[in-house]
Amino acid sequence: MSGKPVQKRTSGDAAAVDDRSVAARLFAILDAFAAPAGATSLTLTLTAIAQRAGLPLSTTHRLVAEWVSWGGLARHENGQYSLGMKLWELGVQTPTARNLRTIALPYLEDLYETTREHVHLAILDGRDALYLEKLSGHHAVRLISRVGARLPLHSTGVGLVLLAYAPTDVVQQYLATSLQRFLPRTITEPEAVRKRLAEIRLKGIARMSEEMTAGSSSLAAPIRDRTGQVVAAVSIVTRTTDTVDSEHERAVRLAAQGVSRALGYRRAQQ
């Protein structure tokens, strides 16, 4: 994206003077989401996108639909749009878009050295937890997770944390559809999930056992940006035992707090 302002055109003469290619118009739509300095996120109406991109509303509607279909933009229940996580999913392989991973990695490595268990870093993407990083030991329990993979929110530790701190409409939409039961202990009843999310918000940590992979348990905690918004989750996955390891829980909390501080979060901002 160029980040350059697009020359404004009136709806009457847009078609006549706009000689940009289709690709340039598509990128102009992405440029419309360049957030002002200090803003952490940006959602726009279709009309606002058209105005910022200098495109007729009909053209904007068509091109935005293409971006949504591909995953480059996300449409919310209120009819507004924001950048989609497909851009992240592709961009995790490039140094420029690996800021979160780069900032978090020292803390993830410390967490691994402390626990010698699987360590995960994930963000929310629609109905999934998108895994940005995974550190594993040779003797850790076998898992299906991998960098770039997507797993359901209700059956993973990082997913539950991300869902717990997601906007209310996101939670309602997620629980309005049938939740897959992967194992007998997977919690799928909406009210039971809601109660669980409330407990996570209260205690600041998610605990789960044998809900996605047999023989594994997870501890996960939220990562916040400088505004206090939860932008990611960190977890460890261990072999299932009868007791909760308080040292493991403390290590996960410290890792999440460390990454949050590195992102500019200060507790006084809550």
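All residue numbers refer to positions counted from 1 along the written sequence of the respective chain. With the structure being a predicted model, the display of local features is reserved for residues of pLDDT at least 70 and the display and counting of side-chain atom pairs for 80 or more, all residues being used for whole-chain, interface and lining totals. Side-chain descriptors were evaluated using all non-hydrogen atoms of the structure, hydrogens and water having been removed beforehand.

Q: In this structure, what is going on with the pairing of strand β8 (residues 230–239)? I would like to understand it.
A: A regular strand places its side chains so that they alternate between the two faces of the sheet. In this scheme, a residue with accessible area under 20% of its type's maximum is buried, one over 50% is exposed, and one in between is partly exposed, where area comes from a 1.4 Å probe on protein chains only. Helix numbers and strand numbers start at the N terminus; a helix is a DSSP run of H or I with at least 4 residues, a strand a run of E with at least 2. Of all 10 residues that make up β8, eight are buried, and the element is covered over most of its length. In this scheme, strands are said to pair when DSSP sees at least two bridges between them. Direction of pairing for strand β3 (residues 118–125) relative to β8: antiparallel, over a ladder of five bridges. Within β8, the position partnered with Val119 by the bridge is Ile236. Where strand β7 (residues 216–224) and β8 come together, nine bridges link them in antiparallel fashion. Bridging from a neighbouring strand, Ala221 pairs with Val234 of β8.

Q: Teacher, can you tell me more about unusual backbone geometry here?
A: Working note: non-glycine residues mostly have negative phi, and peptide bonds are mostly trans. Of note, Arg116 is a non-glycine position whose phi angle comes to about 60°, a positive value. Topologically, Arg116 is positioned in the loop between α6 (99–115) and β3. A relative accessible area of 47% places Arg116 in the partly exposed class. Here the phi dihedral of Glu210 falls at roughly 50°; this positive angle occurs in a residue that is not glycine. Tracing the chain through its elements places Glu210 in the loop between β6 (206–209) and β7.

Q: What should I look at first to understand the pattern of salt bridges in this one?
A: Close approach of charged atoms allows side chains with opposite charge to pair. By convention in these notes, a salt bridge is any Lys or Arg side-chain nitrogen within 4 Å of a carboxyl oxygen on Asp or Glu. Enumeration over the complete set of coordinates arrives at 11 salt bridges. Measuring nitrogen to oxygen at the nearest pair gives 3.3 Å for the salt bridge that ties Glu133 to Arg101. Of this pair, Glu133 sits in strand β4 (residues 128–135) while Arg101 sits in helix α6, and the two are 32 residues apart along the sequence. In this structure Glu133 comes out as buried when scored by relative accessible area, which is 11%. Its relative accessible area of 9% is what places Arg101 among the buried residues.

Q: Just checking my understanding: could you explain the packing of helix α3 (residues 46–53) against helix α4 (residues 57–70) for this structure?
A: Two quantities define a packed helix pair, namely the angle between the helix axes and the distance between the axes. Between N-to-C directions, angles span 0 to 180 degrees; the directions come from axes that are lines fitted to C-alpha atoms, helices contributing only their stretch in contact. Remark: α3 packs on α4, axes separated minimally by 9 Å, with the N-to-C direction vectors making an angle of 105°. The orientation of α3 with respect to α4, classified from their angle, is roughly perpendicular. Side by side, α3 and α4 meet where Leu46, Thr47, Ile49 and Ala50 of the first sit next to Leu57, Thr60, His61 and Val64 of the second. Per-class residue counts for the contact of α3 with α4 are five nonpolar, three polar and no charged. Angular relationships are summarised with four words: roughly parallel below 35 degrees, roughly antiparallel beyond 145, roughly perpendicular across 65 to 115, and oblique for the angles in between. The contact rule is simple, with two residues in contact once any of their heavy atoms fall within 4.5 Å. Three classes are used: nonpolar for Ala, Val, Leu, Ile, Met, Phe, Trp, Tyr, Cys and Pro, charged for Asp, Glu, Lys and Arg, and polar for all others, with Gly counted as polar.

Q: Explain the environment of Val68 here, please?
A: Structurally, Val68 is set in helix α4. The exposure class assigned to Val68 is partly exposed, which follows from its relative accessible area of 30%. Separated by 18 residues in sequence, Val68 and Lys86 place their C-alpha atoms 9.7 Å apart. With residues near it in sequence (within four places) discarded, Val68 still touches Leu73 and Tyr81.

Q: Help me out: how do you make sense of the side chain of Arg20 in this one?
A: With respect to the helices and strands, Arg20 occurs in the loop between α1 (14–17) and α2 (22–31). Contacts described as polar in this section are N or O atom pairs within 3.5 Å, which, within protein, must combine one atom able to donate a hydrogen with one able to accept it, while residues neighboring in sequence count only if both atoms come from side chains. In this structure the side chain of Arg20 is engaged in a polar contact, spanning 3.1 Å, whose partner is the backbone oxygen of Ala53. Engagement of the side chain of Arg20 in a polar contact is seen with the backbone oxygen of Gly54, the distance being 3.1 Å.

Q: Explain the sheet that holds β7 to me, please; I cannot follow it from the model alone.
A: To summarise the sheet geometry, strands pair through backbone hydrogen bonds and adopt either a parallel or an antiparallel arrangement. In spatial order, the strands read β5-β4-β3-β8-β7-β6; together these six strands make up an open sheet with antiparallel pairing. The open sheet is flanked by β5 (150–152) and β6, the only strands paired with a single partner. Each neighbouring strand pair of the sheet contributes to a mean axis angle of 30°, computed without reference to strand direction. Relative to β5, β4 runs antiparallel, the two sharing three bridges.

Q: Help me out: how do you make sense of α6 in this one?
A: Because each turn of an α-helix spans 3.6 residues, side chains separated by three or four positions in sequence point in the same direction. With 17 residues, α6 should reach 24 Å at 1.5 Å per residue; the first-to-last C-alpha distance of 25 Å fits that figure. The sharpest bend along α6 measures roughly 45° and falls at Leu105, with the proline Pro106 sitting one to four residues further on. Taken together, the buried positions of α6 are occupied by Leu100, Arg101, Ala104, Leu108, Leu111, Tyr112 and Thr115. Following α6 by one or two positions, Arg116 adopts a phi angle in the positive range, close to 60°. Helix span is expected to be 1.5 Å times the residue number reduced by one. To get the bend at any residue, fit one axis to the seven residues that end at it and another to the seven that begin at it, then take the angle between the two axes.

Q: How should I be thinking about the confidence of the model for the protein chain in this particular structure?
A: The pLDDT score gives, residue by residue, the confidence of the prediction method on a 0 to 100 scale. Of all residues in the protein chain, 82% have pLDDT values of 70 or greater, and the mean over the chain is 83. Contacts of residues 1–16 to residues separated by more than four positions or lying in other chains number 16 contacts, the stretch itself having pLDDT below 50.

Q: Sorry, what's going on with the environment of Ala198 here?
A: Following the sequence through the fold, Ala198 ends up in helix α9 (residues 190–203). Put simply, Ala198 and Ala164 are 34 residues apart on the chain and 7.0 Å apart in space, counted from C-alpha to C-alpha.

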